[in-house]
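A closer look at the structure
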Amino acid sequence: MIDFKYNTKGFVDEEEYQKQIDIVRSTVPRVQENSFGGWADLPINYDKEEFARIKKAAERINLNSDYLVCIGIGGSYLGHKAVIETLGNTSRTKILYAGNSLSPRELQKVIDEISEHSFSINVISKSGTTTEPAVAFRILKEKLIEKYGETEAAQRIYATTDANKGALHDEAKAKGYESFVVPDNIGGRYSVLTAVGLLPIAVAGIDIDKLMDGAEEERASLISDGGLAAEYAAMRNLLLEKGFDIEVMANFEPSFAFFNEWWKQLFGESEGKENKGIFPASVIYSTDLHSMGQYMQEGRRNLFETFVEVKNEYKGVKVPKFGEDLDGLGYLEGKEMSYVCKKAERATREAHFVGGVPVLEIEMPELDERSLGALIYFFEMSCALSAFCLGVNPFNQPGVEAYKTRMFELLGKPGFERK
């Protein structure tokens, strides 16, 4: 379903690439064997009862809430925001986000937005004690209770958390919040197709059945030997060996901007350890051709580009005809904007390649739920395989704790006093 192509002639020898593919394929069994590899079989092994409850909860939220405030950070919000931003929210309920920073200004914007409207909360945290979402939840929970009283407020809080333990699990059980599970065997950045992502996505009016169908179809093509995901991972690692240590994700659809953010977390947090890994960056073209275009064309040659493209063009918007050709666009009259965009894509790939940038292409059939589900699974598999080939664990993030320890010292959290 997802296609992979590349233009690395002059940068990568085909024979060594084929050898690298064999090395990557040898790591495939490690995905399912890993204790955090539950995402690999998720498209066929997800909890059907919980899935049905998610859809019912989404219907209820759509009926009684103008807003759903999703509280979470990292993998607890990036994945579902990526899907919603890419495909668009078609429901009456708007999705707002909180708990992904410590900015009081940003939280106040959310409070102001919901002040005169009905709202519910989906708090997403395995522990319930991560500082950013915990602070936001405490503040927004107070607003919810002030508006509805404790009994109704409890009915408007949906907790996605650990199945058996933790502060949020215990609070949800005591207060009667409807709860969904953050699986023990799936890390946050791989969790978008679990309840972590599916509830907000369903509230946004996006068909989660089709999203899972796409992931299931992609899984079938990758699970035995890595398929095209192994080929992409192999090319990334080979380019890294040759000094290309920055990967730039490029799209010609502005709605992909937040998908890029999810992709950056997925690869950055999975590979960036032990002084290893490719640094993930992103651009949105053609907008960024007028800001980053000069660097991409003639800057340092330590980067490669991965273009994510939609095969089937969007039709219906044409360049109109005018009697006078004052803007010099007469040669485009009557042509679809998608035609112009596709030519710009091709021109960009070719120009950057000539300028010394290896170019990879990942193509999805449509900009829809099924294709996006497949793309998510493709990148998850590619990332795991790529990290294993680097010799790092793709499912941990030990470095994330460093800032937390220092922050707790400065805030005076008990147990974190300086020695």
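Here, every reference points to the structure presented above.
Okay, so let's go over this structure. (Residues numbered from 1 in each chain as written. Predicted model: local features only at pLDDT ≥ 70, side-chain atom pairs only at ≥ 80, totals over all residues. Heavy atoms only, no water.)

Inspection of the secondary structure puts methionine 292 in the loop between strand E8 (279-284) and helix H13 (293-298). Taking the C-alpha atoms as reference points, methionine 292 and glutamate 361, 69 residues apart in sequence, are found 19 Å from one another. (Helix = DSSP H or I, 4+ residues; strand = E, 2+ residues; numbered from the N terminus.)

The terminal C-alpha atoms of helix H1 (residues 14-25), which comprises 12 residues, lie 17 Å apart, in line with the 16 Å expected from a rise of 1.5 Å per residue. For H1, the complete set of buried residues consists of Tyr17, Gln20, Ile21 and Val24. The buried side chains of H1 occupy one side of the element, clustering within an arc of 105 degrees when seen end-on. Exposed residues on H1 whose side chains face more than 90 degrees from its buried face are Glu15, Lys19 and Asp22. Buried residues belonging to H1 abut strand E1 (3-7), helix H2 (28-33), helix H11 (227-241) and helix H15 (369-390). You can read the cap of H1 off the contacts: a side-chain oxygen lies 3.1 Å from the backbone nitrogen of glutamate 15, and it is on aspartate 13. (Expected span 1.5 Å × (residues − 1). Buried < 20%, exposed > 50% of the residue type's maximum accessible area, 1.4 Å probe, protein only. Arc of directions from axis to C-beta. Contact = heavy atoms within 4.5 Å. Polar contact = N/O pair within 3.5 Å; in protein donor to acceptor, adjacent residues only side chain to side chain.)

The subject of this paragraph is the sheet that holds strand E10 (residues 359-364). Sheet strands associate in pairs through backbone hydrogen bonding, adopting either a parallel or an antiparallel arrangement. Spatial strand order, E1-E10-E9-E7-E8: five strands in an open sheet with mixed pairing. Each of the sheet's edge strands pairs with one partner strand only, and the pair in question is E1 and E8. Here the strands of the sheet are splayed against their neighbours by 20 degrees on average, with no regard to which way each runs. Sheet topology places strand E9 (residues 303-310) next to E10; six bridges connect them, and they run parallel. Bridge pairing in E10 places glutamate 309 opposite glutamate 363. Its contacts with the sheet put helix H14 (residues 337-354) on E1, E9 and E10, and the angle it makes with E9 is roughly 165 degrees. Contacts from H15 reach strand E7 (246-251), E9 and E10 within the one sheet, and its direction differs from that of E10 by about 140 degrees. (Pairing = 2+ DSSP bridges. Axes fitted to C-alpha atoms, helices over the stretch in contact; angles between N-to-C directions.)

Moving on, we get to the pairing of strand E2 (residues 67-71). Most of E2 sits out of view: five of its five residues are buried. Burial along E2 is two-sided: Tyr67, Val69 and Ile71 facing one way and Leu68 and Cys70 facing the other are all buried. Two strands pair when backbone bridges link them, and E2 and strand E3 (residues 94-98) are joined in this way by five bridges, in the parallel orientation. The residue bridging tyrosine 67 from the neighbouring strand is lysine 94, located in E3.

Working note: non-glycine residues mostly have negative phi, and peptide bonds are mostly trans. With an omega dihedral of 5 degrees, the bond running from tyrosine 285 to serine 286 counts as a cis peptide bond. Positionally, serine 286 belongs in the loop between E8 and H13. For asparagine 275, which is not a glycine, the phi torsion comes out positive at approximately 60 degrees. Among the structural elements, asparagine 275 can be located in the loop between helix H12 (257-271) and E8.

The next point concerns the nonpolar core. If you look at the biggest cluster of nonpolar residues, it comprises 84 residues, and the most contacted ones within it are Trp39, Leu375 and Phe379. The element that contributes the greatest number of residues to this core is H15, accounting for 12 residues. Those residues within four positions of leucine 375 in sequence are excluded, and the remaining contacts are Ile2, Phe256, Phe259, Val308, Ile362 and Met364. The next biggest cluster of nonpolar side chains, apart from the first, holds 24 residues, and it includes Leu96, Ile121, Phe137 and Leu140. (Core = buried A, V, L, I, M, F, W, Y, C linked by side-chain atoms within 4.5 Å.)

A word on the state of the cysteines. The full count for this structure, using the stated rule, is zero disulfides. With no disulfide of its own, cysteine 383 lies closest to cysteine 389 among cysteine sulfurs, the gap being 12 Å. A relative accessible area of 0% means that cysteine 383 is categorised as buried. (Disulfide = S-S within 2.5 Å.)

By the definition in use, this model includes 28 salt bridges. Measuring nitrogen to oxygen at the nearest pair gives 3.6 Å for the salt bridge that ties arginine 349 to glutamate 361. Of this pair, arginine 349 sits in helix H14 while glutamate 361 sits in strand E10, and the two are 12 residues apart along the sequence. Under the relative-accessibility criterion, arginine 349 is labelled buried at 17%. Three or more residues joined by partner-sharing salt bridges are found here, namely Glu49, Arg53, Arg60 and Glu178. (Salt bridge = Lys/Arg side-chain N within 4 Å of Asp/Glu carboxyl O.)

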